[in-house]
Amino acid sequence: MKASWKAFLPIIVGAIIWFLPIPAGLTADAWHYFALFTAVIVALVLEPLPAAALGLIGISVIAALNLVPGGGNGPPKPADAVRWALSGFSNGTVWLIFVAFMFAMGYEKTGLGKRIALFLIKKLGRSTLGLGYAVALADCGLAPFTPSNTARSGGVIFPIIKNIPPLYGSTPESGARKIGAYLMWVALATTCVTSTMFLTALAPNLLALSILQKTTNQTFAWMEWFTALAPACVPLFLLLPWLIYVIYPPEIKRSEDAPRWAGDELAKMGPLSAKELTMAGLAVFALVLWIFAPSILDATTVALLALSLMIITKVVTWEDIITNKNAWNVLCWFGTLVALADGLGKVGFLKWFAGIAAAAMAGFSINAVIVGLVLIFFFVHYMFASLTAHTTALLPVFLVTAQNIPGLPLKTVSLLLCATLGIMGILTPYATGPSPVYYGSGYITPKAFWALGAVFGVIFIAFLVGIDFPILLMRGF
């Protein structure tokens, strides 16, 4: 019954929109495209089928109905339809996300990610607060190289830190607040901040960049993104373990055994292996080129070069690559979502909606409009179970709306909208990939999880709007 309800609701929603009167200023094809697009987004939230399959179904139906116009004059042609349906798979960002999963696999296979986390715990884990900073720094150390926060936090950080609370009698069933709940919330909260701090720390950041380029013909280089958001993200990151320590304090303040445990685990691992050193070198190689050579090499080209070197040096094998189901699944998922988001612009829906939205905001100051757009975009994530679905559904609409407001600094508002994607992952137990992992650990009660999400959601967006926004304006960004 539950599965049936999830399958039929997207169809019902799409059908209702399809048969509603077509608004003035829109063509029938544009309205029908919007109906099918909305049905896909509802399905992505409910997931009656895997997300990649839903995206494939969506572009197949739209292509079959010839709803998206081609490049020439006259009605859409079948060749135009299939060209549009497959356009997402030629997008460089989609392949950058794919390579990100290969990087995560390299960290896991070589043991480098585990070693970094254990080293930080050994050095900083004597007090519970220090242990919180160790967890945060471990995530920060991996974030620039790992555009999947699920792989980074759920796949590397969580498996390490879940071993620590039981050392102090802190389990989900007994004594969760001793130390376990604090560490779990630090891990989730910090991965949300690092996901915003670094362009390459979150897959939807890269998807957003692709949408931004298609919609407004703008883009951000790696270093430009970091320096623009550092005034809010760096202080927030540095304060975060302490803020959580104050707002959601652990009962145990010292953690004398954690450094010893981490040292024992490091001893079991032995010295750095050749493959770990190779993986570290390739990660640094990629990061250096992302930062210093954006005008010479595209970010995706750098990632593909690094992946090629990973294969040549046998950090990963071709068998590893072709059997990585998650990576291929995400490739299909993002490839279809990029096409779906692009279609909203091609059929003219975004231009129509933006005109209406811009007219509705007439009379408000430019700064008030920017803050309003950012706050709405951020808090509406309560309705989404996927950052990718949120990005695909709303970012193009908000960007085109911003384009149609005279005097609005488009580059500033574009960056602020994109910057919310990482930090909005704190809002709910389903807001981002790692959220269900930490929620499912059992250390944080449902009531506490929702309350903490609301509190830290307000703190996060306040830092972005209250600190970064004024600085961007002063810099003439």
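One can find the structure itself at the top, above this paragraph.
Residues numbered from 1 in each chain as written. Predicted model: local features only at pLDDT ≥ 70, side-chain atom pairs only at ≥ 80, totals over all residues. Heavy atoms only, no water.

Q: Explain the overall build of the chain to me, please; I cannot follow it from the model alone.
A: Looking only at helices and strands, one finds 22 helices and zero strands in the chain. Here the C-alpha radius of gyration of the chain, 23 Å, is about what a compact globule of 477 residues would show, namely 23 Å. Overall, the chain is about 70 × 55 × 50 Å in size when its C-alpha atoms are taken along their principal axes. Counting all 477 residues of the chain, 56% fall into the buried class. (Helix = DSSP H or I, 4+ residues; strand = E, 2+ residues; numbered from the N terminus. Rg over C-alpha atoms; globule rule 2.2 N^0.38 Å. Buried < 20%, exposed > 50% of the residue type's maximum accessible area, 1.4 Å probe, protein only.)

Q: Any chance you could explain the packing of helix α10 (residues 203-216) against helix α20 (residues 410-423) here in plain terms?
A: Any two packed helices are characterised by how steeply their axes cross, that is the angle between the axes, and by the distance between the axes. At a closest axis distance of 9 Å, the pairing of α10 and α20 adopts a crossing angle of 155°. Here α10 is positioned roughly antiparallel relative to α20, judged by the angle of their axes. Here α10 and α20 pass one another in a crossing that is right-handed. Facing α10, whose interface residues are Pro-204, Asn-205, Ala-208, Leu-212 and Thr-216, α20 presents Leu-410, Ser-414, Cys-418 and Leu-421. (Axes fitted to C-alpha atoms, helices over the stretch in contact; angles between N-to-C directions. Parallel < 35°, antiparallel > 145°, perpendicular 65-115°, else oblique. Left-handed = near helix turned anticlockwise from the far one by under 90°. Contact = heavy atoms within 4.5 Å.)

Q: For this particular structure, what's the right way to read the nonpolar core?
A: For soluble globular proteins, nonpolar side chains are generally found buried alongside one another. Tyr-33, Trp-185, Ile-444, Phe-456 and Phe-460 are the most contacted members of the largest nonpolar core, which totals 177 residues. Beyond its immediate sequence surroundings of up to four residues, Phe-456 is in contact with Trp-185, Leu-240, Leu-243, Ile-244, Ile-247 and Ile-426. (Core = buried A, V, L, I, M, F, W, Y, C linked by side-chain atoms within 4.5 Å.)

Q: Sorry if this is basic, but what is going on with helix α13 (residues 274-292) here?
A: In an α-helix, one turn spans 3.6 residues, which is why side chains three or four residues apart end up on the same side. With 19 residues, α13 should cover 27 Å at 1.5 Å per step; its first-to-last C-alpha distance of 27 Å lies within 8% of that length. All of the buried residues along α13 are Glu-276, Met-279, Leu-282, Ala-283, Ala-286, Leu-287, Leu-289, Trp-290 and Ile-291. In this structure, the buried residues of α13 make contact with α5 (92-110), α6 (112-124), α11 (222-247), α12 (257-269) and α14 (299-312). (Expected span 1.5 Å × (residues − 1).)

Q: Just checking my understanding: could you explain the side chain of Thr-216 for this structure?
A: You can see Thr-216 is positioned in helix α10. Polar side-chain contacts of Thr-216 include one of 3.2 Å to the side chain of Gln-218. Sequence-distant contacts of Thr-216, defined by excluding residues within four places in its chain, comprise Leu-399, Gln-403 and Leu-410. (Polar contact = N/O pair within 3.5 Å; in protein donor to acceptor, adjacent residues only side chain to side chain.)

Q: Just checking my understanding: could you explain unusual backbone geometry for this structure?
A: In terms of backbone geometry, most residues other than glycine have negative phi values and most peptide bonds are trans. In this structure, Asn-66 is a non-glycine residue whose phi angle is positive, near 55°. One non-glycine residue with positive phi stands out, namely Lys-314, at about 65°. For Lys-314, the location among the structural elements is in the loop between α14 and α15 (318-322).

Q: What is the right way to read the pattern of salt bridges from this model?
A: Pairs can form between side chains of opposite charge once their charged atoms are near each other. In the structure shown here, the tally under the stated rule is six salt bridges. Measuring nitrogen to oxygen at the nearest pair gives 3.0 Å for the salt bridge that ties Arg-83 to Asp-80. A residue pair is termed a helical-turn pair when its members lie 3 or 4 positions apart in one helix, as Arg-83 and Asp-80 do in helix α4 (residues 78-85) at three residues. A relative accessible area of 17% means that Asp-80 is categorised as buried. Between Lys-109 and Asp-320 there is a salt bridge, with the nearest N and O atoms lying 2.7 Å from each other. In this pair, Lys-109 sits in helix α5 while Asp-320 sits in helix α15, placing the two residues 211 residues apart along the sequence. (Salt bridge = Lys/Arg side-chain N within 4 Å of Asp/Glu carboxyl O.)

Q: Sorry if this is basic, but what is going on with the environment of Gly-440 here?
A: Looking at the element boundaries, Gly-440 is found in helix α21 (residues 434-440). Classification of Gly-440 as exposed rests on a relative accessible area of 58%. When the C-alpha atoms of Gly-440 and Pro-429 are compared, they prove to be 8.9 Å apart, with eleven residues separating the residues in sequence.

Q: Explain a nonpolar patch on the surface here, please?
A: On the surface, Phe-8, Ile-11, Ile-12, Ile-16 and Leu-20 cluster together to form a nonpolar patch covering roughly 490 Å² of accessible area. Among the structural elements, Ile-11 can be located in helix α1 (residues 2-19). For Ile-11, a relative accessible area of 53% puts it in the exposed group. (Patch = residues over 30% accessible without salt bridge, like charges linked within 9 Å, V, L, I, M, F, W, Y side chains within 5 Å. Areas by Shrake-Rupley, 256 points an atom, 1.4 Å probe, with all protein chains shown as cover.)

Q: Got a minute to help me understand the side chain of Gln-218 in this structure?
A: Following the sequence through the fold, Gln-218 ends up in the loop between α10 and α11. In this structure Gln-218 comes out as buried when scored by relative accessible area, which is 14%. Setting aside chain neighbours within four positions, we find Gln-218 in contact with Leu-209, Leu-212, Gln-213, Leu-410, Lys-411 and Ser-414.

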